[in-house]
Structure formats: structure tokens, C-alpha cells
Amino acid sequence: MVGVARDSWQIEQKGIDWVGEAERHSSPPSLFWPWTAANFSFFTVAYGVFVVGLGLNPWQGALAVVIGLAVSYPVVGLVARAGTLGGAPTMTLSRAAFGHHGNKLPTFFVYLSLVGWETVSVTLGVLATRTILERIDPELNNTPMVILGFVITAGLVMLIAIYGYDVILRVQKWITLAVAIAVVGYLLIIIPELDFSTSTGTGGVALLIGGVTLVIANGIGWTPGGADYSRYTAGSAKSVIWWTAIGGATAPAILMLFGVLLTAGNPQLAAAAAADPIGAFAVALPTWFLIPFLLATILSVIAGAVFNLYSSGLNLLALGLKIPRWVAVAIDGVLMVIGGIYLVFIAPSFFAPVQSFLIVIGVVTAAWSAIFVTDMFLHRKNGYDKDALYDPAGKYGAFNPAGVVSIVVAIVVGLGLVTSADANIRTILGYWLTPAAEAGSVGASNIGVAVAFVIGAALYGLLSTTLLRPADRSG
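Residues numbered from 1 in each chain as written. Predicted model: local features only at pLDDT ≥ 70, side-chain atom pairs only at ≥ 80, totals over all residues. Heavy atoms only, no water.

## What about the nonpolar core?
Convention followed: The term nonpolar core refers to a set of buried residues drawn from Ala, Val, Leu, Ile, Met, Phe, Trp, Tyr and Cys, joined through side-chain atoms within 4.5 Å. When accessible area is computed with a 1.4 Å probe and restricted to protein chains, residues below 20% of their type maximum are described as buried, those above 50% as exposed, and intermediate ones as partly exposed. Runs of E in the DSSP output that reach at least two residues are strands. Runs of H or I that reach at least four are helices, and both are numbered from the N terminus.
If you look at the biggest cluster of nonpolar residues, it comprises 134 residues, and the most contacted ones within it are Phe43, Tyr186, Phe281, Leu285, Phe293 and Tyr384. A total of 16 residues in this core trace back to one element, the largest contributor, which is helix 13 (residues 290–318).

## Looking at the pattern of salt bridges
This is how the line gets drawn: Salt bridges, as used here, are contacts in which a Lys or Arg side-chain nitrogen is within 4 Å of a carboxyl oxygen on Asp or Glu.
All told, the structure shown has six salt bridges when counted by the stated rule. The salt bridge involving Arg325 is made with Glu12; its shortest N-O contact spans 3.8 Å. One end of the pair, Arg325, is in helix 14 (residues 325–345); the other, Glu12, is in the segment before helix 1 (32–39), and 313 residues separate them in sequence. For the pair formed by Arg325 and Glu12, the shared burial category is buried.

## Quick look at helix 9 (residues 205–220)
Spacing of three or four residues puts side chains on the same side of an α-helix, whose turn is 3.6 residues. Under the convention used in this document: Between the first and last residue of a helix there are one fewer steps than residues, each counted as 1.5 Å, and that sum is the expected span.
Here helix 9 spans 22 Å end to end across 16 residues, near enough to the 22 Å set by a 1.5 Å rise per residue. Taken across its 16 residues, helix 9 has 13 buried, putting it largely inside the fold.

## Overview of empty space enclosed by the protein
What counts, and what does not: The distinction between a cavity and a pocket rests on a 1 Å grid over the protein atoms alone: a 1.4 Å probe fits inside a cavity but cannot get out, while a pocket stays open yet meets protein on both sides within 12 Å along at least five of seven lines, and a residue with an atom within 4 Å of a point counts as lining. Grid points are joined across faces, edges and corners, and a volume is the space filled by probe spheres set on the points. By the convention adopted, Pro, Cys, Tyr, Trp, Phe, Met, Ile, Leu, Val and Ala count as nonpolar, Lys, Arg, Asp and Glu as charged, and the other residues, Gly among them, as polar.
For the structure on display, the rule yields one cavity of 30 Å³ or more. In this structure, the largest cavity spans a volume of roughly 150 Å³. As for the largest cavity, its lining consists of 16 residues, of which Ala38, Ser41, Phe43, Trp117 and Ser121 are closest to the centre. Those elements giving two or more residues to the lining of the largest cavity turn out to be helix 1, helix 2 (42–53), helix 6 (104–136) and helix 13. Its residues assigned to classes, the lining of the largest cavity comprises eight nonpolar, eight polar and no charged.

## Some remarks on the side chain of Ser121
Applied cut-off: The contact criterion used is simple: two residues touch if any of their non-hydrogen atoms lie within 4.5 Å.
Among the structural elements, Ser121 can be located in helix 6. Among all residues touching Ser121, those that are not within four sequence positions of it are Val301, Gly304 and Ala305.

## Looking at the packing of aromatic side chains
Our working rule: Aromatic contacts are taken between Phe, Tyr and Trp rings whose centres are within 6.5 Å, Trp giving its six-membered ring; a plane angle under 30 degrees counts as stacked, one over 60 as edge-to-face, and the others as tilted.
Tallying each qualifying case throughout the model produces 14 aromatic pairs. Considering the side-chain rings of Phe32 and Trp33, the 5.3 Å spacing of their centres and the 85° angle between planes classify their relative orientation as edge-to-face. On the basis of relative accessible area, Phe32 is assigned to the buried category, the value being 19%. Look at Trp117 and Trp222: their rings are 6.4 Å apart centre to centre, the planes differ by 20°, and that puts the pair in the stacked class.

## A few points about the packing of helix 3 (residues 58–86) against helix 11 (residues 237–265)
As a reminder, the rule being used: Fitted lines through C-alpha atoms give the axes, limited to the stretch in contact for helices. The angle between two N-to-C directions lies from 0 to 180 degrees. When describing relative orientation, an angle under 35 degrees is termed roughly parallel and one over 145 degrees roughly antiparallel, while 65 to 115 degrees is termed roughly perpendicular and anything else oblique. Left-handed is the label given to a crossing in which the near helix is rotated counterclockwise from the far helix by less than a right angle, and right-handed is the label when the rotation is clockwise.
Contact geometry of helix 3 with helix 11 gives a least axis separation of 8 Å together with a crossing angle of 160°. One element, helix 3, and the other, helix 11, form an angle in the roughly antiparallel class. Read as a crossing pair, helix 3 and helix 11 show a hand that is right-handed. Looking at the contact of helix 3 with helix 11 residue by residue, the class counts come to 20 nonpolar, five polar and one charged.

## Points about the environment of Phe98
Positionally, Phe98 belongs in helix 5 (residues 95–98). Given a relative accessible area of 0%, Phe98 falls into the buried group. Phe98 sits 307 residues away from Val405 along the chain, and the two C-alpha atoms are 9.2 Å apart. Leave out the neighbours within four places in its chain, and Phe98 touches Asn103, Pro106, Trp368, Ile371, Ala398, Phe399, Asn400, Gly403, Val404 and Ile407.

## Description of the layout of surface pockets
In this model, the second largest pocket occupies a volume close to 330 Å³. If you trace the second largest pocket, you find 20 residues lining it, with Ile16, Leu317, Gly320, Leu321 and Lys322 closest to the centre. By residue class, the composition of the lining of the second largest pocket is ten nonpolar, five polar and five charged.

## Side note on the environment of Tyr431
Within the secondary structure, Tyr431 is located in the loop between helix 18 (423–426) and helix 19 (435–439). A C-alpha to C-alpha distance of 10.0 Å links Tyr431 and Gly414, two positions 17 residues apart in sequence. Here Tyr431 is in contact with Ile411, Val412, Leu415 and Gly416, once residues within four sequence places are set aside.

## Let's talk about helix 11
The test is simple: To get the bend at a given residue, fit one axis to the seven residues ending there, fit another to the seven starting there, and take the angle between those axes.
For helix 11, with 29 residues, the first-to-last C-alpha span of 42 Å sits near the 42 Å given by 1.5 Å per residue. Taken as a whole, helix 11 carries its principal kink of about 30° at Ala249; the proline Pro252 stands between one and four residues after it.

## Structural notes on a nonpolar patch on the surface
How we decide: To count toward a patch, a residue needs a relative accessible area above 30% and no salt bridge. Like charges then connect within 9 Å, nonpolar side chains (Val, Leu, Ile, Met, Phe, Trp, Tyr) within 5 Å. Throughout, the Shrake-Rupley method with a 1.4 Å probe supplies accessible areas, and for residues the shown protein chains are the sole cover considered.
On the surface, Ile147, Val151, Ile341, Tyr342, Phe345 and Ile346 cluster together into a nonpolar patch covering about 550 Å² of accessible area. Mapped onto the nonpolar patch, the elements with two or more residues apiece are helix 7 (143–163) and helix 14. Element by element, the count of residues in the nonpolar patch is highest for helix 14, at three residues. Among the secondary structure elements, Tyr342 is positioned in helix 14.

## A short note on the packing of helix 1 against helix 8 (residues 165–190)
How two helices sit against one another is set out by the angle between their axes and by the gap between those axes. Following both chains from N to C, one finds helix 1 and helix 8 inclined at 55°, their axes separated by 8 Å at the closest point. With respect to helix 8, the axis of helix 1 lies oblique. Like other packed secondary-structure pairs, helix 1 and helix 8 cross with a definite hand, here left-handed. Residue-level inspection shows Trp33, Pro34, Thr36, Ala37 and Ala38 of helix 1 in contact with helix 8, the latter providing Leu169, Gln172, Lys173, Thr176 and Leu177. Grouping the amino acids of the contact of helix 1 with helix 8 by side-chain chemistry returns six nonpolar, three polar and one charged.

So, in C-alpha cells, the structure goes:
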């Protein structure tokens, strides 16, 4: 198959195929736009609110945001580096660490996380639409308009993701600029209305760790898409790392810190954001700004959902389905719509299941990311073998016991050290914790995310270089 000509608006035909040097027509700075657009959302503002809502004061919340972003997005950049080394999507390159069939386990988990993220993104847009329409006309039955907004948003997400890489890069750049203008307008309107006279308490170290963990879970959740965009990029590996990391972290740094500021100036915001993480920010807006706010919201959730939907389609192919990439995207789009319908029209709460999803997926992606990056530095100094990535009989093998054992152990240990705000999910987590620890500082910290990362890296480093060393160590 061939890639898409850069000056055309055609559906990308390449799936998880190898991208040759002649097809790498993007430069490292071009990575800034898709990564920024994916995070330039008012939901990212809500993250700052959620961090403080754990029980931190604003200064602690700001510190948690800075530390969490500084830890997580360079990891995303390191995964993007693998795209330039290997010329294939992330979860295809992951076969080198886990084996051709062994890689299906982490790919399945990552696939679920991406479908979850795209569902959350579309849901946020619908919830915000409902809130804003009710604000504009409380007496009007807005259900038909909410449904129409849901259909349009989901349809645009699927259409852009189906077109693929080049169209996504073009669209994301303009979405970033449009949303940035709306965000600046929002800041100018809201900041003068905030009241910082209310005194706030101080959370303990465990709550601070919990805030850092929540931010890390958000950032590291993007690692499975790291190489999906950089595989088309020509340039130095160092540039790819930093343009990805900077593009990914810039919007969250600004918006999460603004969320912390909002919570300090409007403490009631945290409770409102738990029910509607974007619509809550519209409450204090003047009526004339509601429509621009709504349009910016829809654009931002489209940008985030497109990013995840594109990658989830590639992951479906990496699982072994022999279908065109655009068909895989369409399948995932249907799942996104079904999940969105549940969260908008059926689920009694939004925040509890989403927070639980973030923590659980955070453990899984932390374990996988640690193993992937460790494998890249230990064994892929000369790049990846093209043929071996697509052949279970190749030198990467059908199963790499070092990778499979490491991720299973890291996930099992990590999930036993986290808790959940959702009562239904809480029962299957935290099994290493005593009731006192679960209710206390250890449970509040959700330290299992960090533990999963450390165990994944350390165990894979040990097993892959000693007892269960793969036959190939150089690509």
C-alpha cells in the first residue's frame, strides 16, 4: 500500500504497514499541532479542578500538575521516537517487546483505553451542549438538539479519522488556533469574576501524590499513540521527542493550572465539574459568549476524539483483523457512539466511572509504556526489523516471555494498590490494601500507577537481559 500524497484530500490507505523513508514527508515541528489540539479542551481545565478536588490547596494542585506533566509527556516523546526508528504504528512496534502474539494482550488493553477516551471526549461535548442550551432557554425541550449535536460531533470525528493522517494534521492545526482564541476570551471574561479571599486548607503528602498520579494517568494515557504520527516524520530523534512532549504538555500546563486557579476563586466549581466537566465552566459566562464557547467546546472534543479514534483503528489492525484501516475506524466509531449514549442518557454519574477508568487504564498504560521504552533503549539501538514485526516466525517470535511476564506482574501489582470512586469498580481493586490503608493515605495516593511503571521497567530490564533474554537484541 502507499501513503497519501501530502497535497491531496484522500482517504489514507496505509494501515499498520511499514512507512518507508520516501514516505516520511513530515518534519518534527509538525507534531506540535496534533498533540496540542488533542489536549486543547475545557476538559483539560476540569483536570485542574479535579486535582484540587482531591483535597489539595491551590499551590499543591499547581505543584501536582507541573510534576505530573514533567514526568508523563517526555515518556510520550520517547515512544514517538520509536516511530522514526521503526516506521510503524506504536502497537505494531510493541511486538518487538512482547512477541507477535504476546503483544495482543497489551494491544487489547490499549485498544479499550482508546475507545474509552474517544467515548469520553464525545460525551463531554454532548453534556456541554445540553448545559449551554438549557442556559440559553430553560423552558425549551432541548433533547432533539442534544441528539443532533451528538450525531454531528460523532459523525465529524469518524469522518476526519477515516480520512487519516494528512487530513488530521491539517484539521488539528486550525482547531488548535480556533480553540485558543476562545480560551483566551474565556480567561478575559472569567478571571475578573474570581474571588480569592476564601481560605483553603492543606492536603497531606498522600493527597499530593494522588494529584500527581491523576495528572500522570492523563499524560501517560497518550503513549500508545506516540509513534502513530511520528512514523511519517523525518528528522532527528531528539527533535521528535521534544516536539511531541512540548506539543502534548503545553495545553495541559496552561489549562490545568487555570483549572486550579478557577477552583481557588470559585470553590463550588469542583462539584459542578464532577457532573458536567465542561458545561460547568459556562455557568458564569455572559449569554453572548455561550455560542462561541459551545463551538469551541465541540471543536476541542472533536480534536481529542479524532486522535484516539485514529489510533484505536490501527490497534484493531494490530490485533490481527484483516480489514482496511478506514473500516477499523468505522467499527470503533460505532463503539464510541454506543458508549456515548450510555454515558449521556443512561449512566447516573459521569465523574465516578471516568475517574475509575483513568486510574485503571493508567496502571495498564504505565506498565506497557515502561516495558516499551525499556525495550527500545536496551534492544533497539539499531532500529526495528521490518520483516520481523509482521511475521510471528521472525526473530521477535510469537511470544517474548520477558515482556508478557513483566506486564502481567506489573498490572496485577499496580491494580492492587489503587482505589476507585465508583463503588462497583472499587470492589475489584486495592486487593493488596488493608481497609485502613484503602481508606487512608495509601489509597488516596493511587500509588499503583507509579508502582506499575517501575515494576514494568525493572522486571523487563532484568528478564530480557538475563533469564528470558530474547534471541535478538539489536533490532
